[in-house]
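What the coordinates show
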Amino acid sequence: MTSAAGPSVKGANTALGLTTFAFTACFAVWTIFAIVGVQIQKDLGLTETQFGLLVGTPILTGSLSRLFLGIWADQYGGRVVNLLVMLLSALATWLLTFATTYPQFLLAALAIGIAGGSFSVSITYVSKFFPPEKQGTALGIVGAGNVGAAVTKFAAPLVMAAIGWEGVANVWALALVAVAIIFFLFTKDEPELAARRRSGARPRSFASQFEPLRNVQVWRFSLYYFFVFGAFVALALWLPHYLIGVYGFDIKTAGMLAAAYSIPASVFRVYGGHLSDKVGARTVMYWTFLVSVVVTFFLSYPPTSYVVDGISGPISFRLATGPITFVVAIFVLGFFMSLGKAAVYKHIPVYYPKDVGAVGGLVGLMGGLGGFIMPIVFGLLNDLTGIWTSCFMLLFLVVSVSLIWMHFAIRHMERQAAGATLDALPQLPEMQPIHGEKEARALAPKLIEDWRPEDPEFWATTGKKIASRNLWLSVPALFLSFAVWMVWSVVVAKMPQIGFSYTTDQLFWLAALPGLSGATLRIFYSFMVPVFGGRLWTTLTTWSLMIPAFGIGFAVQSPETPYWIMLALALLCGFGGGNFASSMSNIGFFFPKKEKGNALAMNAGLGNLGVSAMQFLIPIIITVGVFGALGGNPQIADTGEKLFLQNAGFIWVPFIALSAFAAWFGMNDLSTAKASFADQAVIFSRSHNWIMCWLYTGTFGSFIGFSAAFPLLTKTQFPEVNVLQIAFLGPLVGALSRSLTGWISDRFGGARVTMVVFLMMMAGTVGVLYFLGNKDQPGAFAGFFACFIVLFFATGVGNASTFQMIPAIMRKEIARLEPHLKGDVLLRQSEKESAAITGFTSAIAAYGAFFIPKSFGMSLAATGSAATALYAFLAFYVSCLLITWFVYVRPGGLLFDVESGRAPKLSPAQAE
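Owing to the predicted nature of the structure, the values given are computational and were not obtained by experimental measurement.

Observations concerning the overall build of the protein
- In terms of helices and strands, the protein carries 40 helices and 6 strands.
- Contacts in the protein between residues at least 24 apart in sequence constitute 83% of all its contacts with a sequence separation of at least 6.
- Surface exposure of the protein reaches about 35,800 Å², of which carbon and sulfur atoms provide 69%.

Spelled out as structure tokens, the structure:
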């Protein structure tokens, strides 16, 4: 439990009231840039992205400090820590008036941000005064201090009109000092701290308070708070700017209207705490997310004019959200966000009574990071799309993911509690009258209960046939995933020819965004197979490729298609990138140790061929009207050639359908592969998980990044070359080398092969740099292309060798870290962790598909040359080489005895 202290403890209500008052003042300071930032933007001529960074920077400091401040409040007492936070924040706010340049304003904003850390101190302090049954209401009252944002919205415009933005900073700083003094003089230390001082007990160590953060539940709460609080802060900062830009209001009116959102999102947090105490936090969270999904979807819709071809002629009309409707919608959104904020924090002192500071600090940190990241992304989306409502599109995505994760977590909990009862129910309610044991077996999923791939007899008679079938059904699904994922690398090279007037930087964004979304999805997809089963997940993810395939087919038919739609489709192509993580995780469960490396290499290598096949096929297929009238009219290129660029999307549709059906009817699920997300989350505490992420980024990240960037990079550096005729060769070499060289790692050792790979990649990068520096010389392109082929070949070999290392590493690590596990249990645990690490490393490495194209784009924009990006890649490969040697290959390295044939045999205890 929390503290033995009840609500009648002397000073409890005073502590609650003054802490809420102090937090309100801190929050008013924390969001000061929502108002003064508008004037600073005008004075300095800042872009939308720069403005977003300025208003979000205080949120960064406030977020990052919350974890540590919460722990210090637990150790040293919330009263003294809160005093120091307020005094330091006041000093930083006063010094803001001396800033004159953009970097100086950013530095001042970082310092002011510590005011946001007051939240974790406040909830830690107040929770010690109240019992669990009243903590929801108490913490809801503290959280109502968010109304400080509304105070700034109301008062700051008036003060700024009278004495300028500098006056706002001075007044807010002096007010915060006064509040700090009042708070410290009239409150007392929490009962727990007082009791500890009387007994002479020492506070818990800093390190021990981090232990609960390993629980995935804490991170799920963090995602919820990322939306309910992070989005609240982001909108509190963004709305004045939004209202001025969209509806043309002046700063005073915009501040007042923004307060109509801030007030309910703050004050009603008290009611949210009361509701959480009475009806349960789960119910409150469901209502919060469901209403937020509806409201953010409504607000996402941009003002649009329509012309419909009616019976009697064109019918014109316009759909747009007016200011009154907008303010009402924002009021509703703010109200339910306030309920959600209280519901999230209702859980923490109940489930983690001794770790409110650490857990509450982390959850608050992630929520605050939402308030930092989202204003920046809002500005970036405005710059990229030119659409004001793009901020609500992002919020719709975040809340949808939160709702889905919460729902599946609850369903998983319910299934654990009543799994047998649920399994006995019919698949559909209409089948209840005829449902019996025979029908239940007929409709049950294709789950294999007995799976022993390491048993030679079982493998020869049963296992190999089933594993091979699942592998060869997985390959085409993964092949199509890679083809759809990387299709923009070819499409962007053709778009300028048919009238799309995008800048080079915009084209690099389209080529890079699938990598960003694909890599992010891989993080989640890594853990899905053990939760849902490989058969169902492969089927669903293959069907998901239909969305970007159809979308691209329709969007590229008109140069009038808005750029933001192209950006959305580029992000949706990430579905294909995400599939790799789950596919590799799934296939890894089917094969024995001696064949696992080759099987994973075959699955990944032949799947990677989708990139090469796409880059070879699309330049040909877009010249032919494959689908006739169904495919749409051709576009006329600037050379007069007819192009059917829509075929780049449409061509995959029939194959996606065939592959999805084949996966559903032909693949299997393994009972030995079943595990919850929490079971797999242990990999985050395995140091080798993070090391392999680094190494695999060097191999696969380079492969997929170069695949995405090579066509456009070559077009900018060697414009006389028709790169689309040969671009497919690089990914082809990389995919084939991965497929055909898995046996080398099985024979000589993955770590040794990986070292050779990075030496080759260093040599290839140096070669590319040389030929780019001498691109006007004869044969420069041939040398440039040859060096890239070396890079692609090396990445393919390295992709296979690094994945071969993971099972070998985890078999040794699990035996060392979990000595109580024996025999088959030990093997199954190492297999589960290996599969999860395989998927997760592929997720991190896939960010190469974003960063490599963007690195080239940024390097070209800044210096006119790609050399800067290549030097950075070279330094990265050197680090990978050194890490591989030191951690795994050298005498004493983890895999030295395994790969040199000196591995000790299992002890009798381990073999039991």
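Things to note about the pairing of strand 1 (residues 304–310)
- Two strands pair when backbone bridges link them, and strand 1 and strand 2 (residues 313–319) are joined in this way by 7 bridges, in the antiparallel orientation. Pairing of Y306 across the sheet is with F317, part of strand 2.
- What sits between the antiparallel neighbours strand 1 and strand 2 is a turn of 2 residues.

Description of the nonpolar core
- Core analysis: the largest hydrophobic core is formed by 154 residues, its most contacted members being W488, L510, W652, F856 and Y888.
- With 18 residues, helix 35 (residues 780–817) is the single largest residue contributor to this core.
- With residues near it in sequence (within four places) discarded, W488 still touches M495, L510, A511, P514, I552, M566, L569, A570 and C573.
- Counting residues in each nonpolar core, the second largest holds 121 residues, with L16, F27, L67 and A109 among its members.

Some details on the packing of aromatic side chains
- With the rule as written, the count across this model stands at 55 aromatic pairs.
- Considering the side-chain rings of W885 and F886, the 6.4 Å spacing of their centres and the 50° angle between planes classify their relative orientation as tilted.
- Residue classification places W885 among the partly exposed residues on the basis of a relative accessible area of 42%.
- With a relative accessible area of 48%, F886 lands in the partly exposed category.
- If you follow K341 out to its NZ or CZ, it ends over the ring of F232, 3.7 Å from the centre.
- One cation-aromatic arrangement involves R890 over F886; the distance from NZ or CZ to the ring centre is 4.3 Å.

Observations concerning the packing of helix 34 (residues 750–773) against helix 35
- Close contact between helix 34 and helix 35 brings their axes to 8 Å; oriented N to C, the two are set at 160°. Compared by their axis directions, helix 34 and helix 35 come out roughly antiparallel. Crossing geometry of helix 34 relative to helix 35 is assigned as left-handed.
- Of the residues contributing to the contact of helix 34 with helix 35, the split by class is 18 nonpolar, 11 polar and no charged.

Quick notes on the packing of helix 21 (residues 504–525) against helix 37 (residues 848–863)
- Where helix 21 meets helix 37, the axes come as close as 6 Å, and the angle between the chain directions of the two elements is 160°. Considering their axes alone, helix 21 and helix 37 lie roughly antiparallel with respect to each other. Helix 37 is crossed by helix 21, and the crossing has left-handed handedness. Contacts from D505, F508, W509, A511, A512, L513, G515 and L516 of helix 21 reach helix 37 at A849, F850, P853, K854, F856, G857 and L860.
- Its residues placed into classes, the contact of helix 21 with helix 37 shows 11 nonpolar, 2 polar and 2 charged.

A look at the pattern of salt bridges
- Applying the stated criterion across every chain yields a total of 4 salt bridges.
- E833 is paired through a salt bridge with R686; the nearest N and O atoms lie 2.9 Å apart. Taken together, the positions of E833 in helix 36 (residues 823–845) and R686 in the loop between helix 30 (677–680) and helix 31 (687–717) put the pair 147 residues apart, joining distant regions of the chain.
- For K812, the salt bridge is made with D897, and the minimal N-O distance between the two is 3.1 Å. Of this pair, K812 sits in helix 35 while D897 sits in helix 39 (residues 896–899); the two residues are 85 residues apart in sequence, bridging distant segments of the chain.

Notes on the environment of G607
- When you line up the elements, G607 lands in helix 27 (residues 593–621).
- Sequence spacing of G607 and S474 is 133 residues, and the spatial spacing of their C-alpha atoms is 8.6 Å.
- Setting aside chain neighbours within four positions, we find G607 in contact with V475, L478, F479, F482 and M602.

Things to note about the environment of G773
- With respect to the helices and strands, G773 occurs in helix 34.
- What makes G773 exposed here is its relative accessible area of 62%.
- C-alpha of G773 to C-alpha of A866: the two residues are 93 residues apart in sequence and 9.6 Å apart in space.

Notes on a nonpolar patch on the surface
- Judged by side-chain polarity, F21, L87, V177, I181, I182, L185 and F186 come together as a nonpolar surface patch covering roughly 640 Å² of accessible area.
- For the nonpolar patch, the element with the highest residue contribution is helix 8 (residues 148–186), accounting for 5 residues.

Notes on the confidence of the model for the protein
- Averaged over all residues, the pLDDT of the protein is 80; the fraction at 70 or higher stands at 89%.
- Confidence, read as mean pLDDT per element, is least for helix 40 (residues 908–911) in the protein (39) and greatest for helix 38 (residues 867–889) (92).
- Counted against residues more than four places away or in other chains, residues 1–7, with its pLDDT under 50, gives 24 contacts.
- Here residues 903–912 is modelled with pLDDT under 50, and outside its nearest four sequence neighbours on either side it reaches 11 contacts, counting other chains as well.

Focus: helix 35
- With 38 residues, helix 35 should reach 56 Å at 1.5 Å per residue; the first-to-last C-alpha distance of 53 Å fits that figure.
- Counting buried residues in helix 35 gives 29 out of 38 residues, a clear majority hidden from the surface.

Structural notes on the side chain of N470
- Along the polypeptide, N470 turns up in helix 19 (residues 456–485).
- A polar contact is formed between the side chain of N470 and the backbone oxygen of I466, at a distance of 2.9 Å.
- With residues near it in sequence (within four places) discarded, N470 still touches I587, F590, M667 and N668.

What about the environment of T389?
- Relative to the helices and strands, T389 resides in the loop between helix 16 (356–385) and helix 17 (390–423).
- Judged by its relative accessible area of 5%, T389 falls in the buried class.
- Not counting residues within four places of it along the chain, the set of residues in contact with T389 comprises Y242, L299, S300, Y301, P302 and P303.

What counts, and where the lines are drawn
Residues numbered from 1 in each chain as written. Predicted model: local features only at pLDDT ≥ 70, side-chain atom pairs only at ≥ 80, totals over all residues. Heavy atoms only, no water. Helix = DSSP H or I, 4+ residues; strand = E, 2+ residues; numbered from the N terminus. Contact = heavy atoms within 4.5 Å. Areas by Shrake-Rupley, 256 points an atom, 1.4 Å probe, with all protein chains shown as cover. Pairing = 2+ DSSP bridges. Core = buried A, V, L, I, M, F, W, Y, C linked by side-chain atoms within 4.5 Å. Buried < 20%, exposed > 50% of the residue type's maximum accessible area, 1.4 Å probe, protein only. Phe/Tyr/Trp six-rings, centres within 6.5 Å; stacked < 30°, edge-to-face > 60°. Lys NZ or Arg CZ within 6 Å of the ring centre and 35° of its normal. Axes fitted to C-alpha atoms, helices over the stretch in contact; angles between N-to-C directions. Parallel < 35°, antiparallel > 145°, perpendicular 65-115°, else oblique. Left-handed = near helix turned anticlockwise from the far one by under 90°. Nonpolar A, V, L, I, M, F, W, Y, C, P; charged D, E, K, R; others polar. Salt bridge = Lys/Arg side-chain N within 4 Å of Asp/Glu carboxyl O. Patch = residues over 30% accessible without salt bridge, like charges linked within 9 Å, V, L, I, M, F, W, Y side chains within 5 Å. pLDDT = per-residue confidence, 0-100. Expected span 1.5 Å × (residues − 1). Polar contact = N/O pair within 3.5 Å; in protein donor to acceptor, adjacent residues only side chain to side chain.

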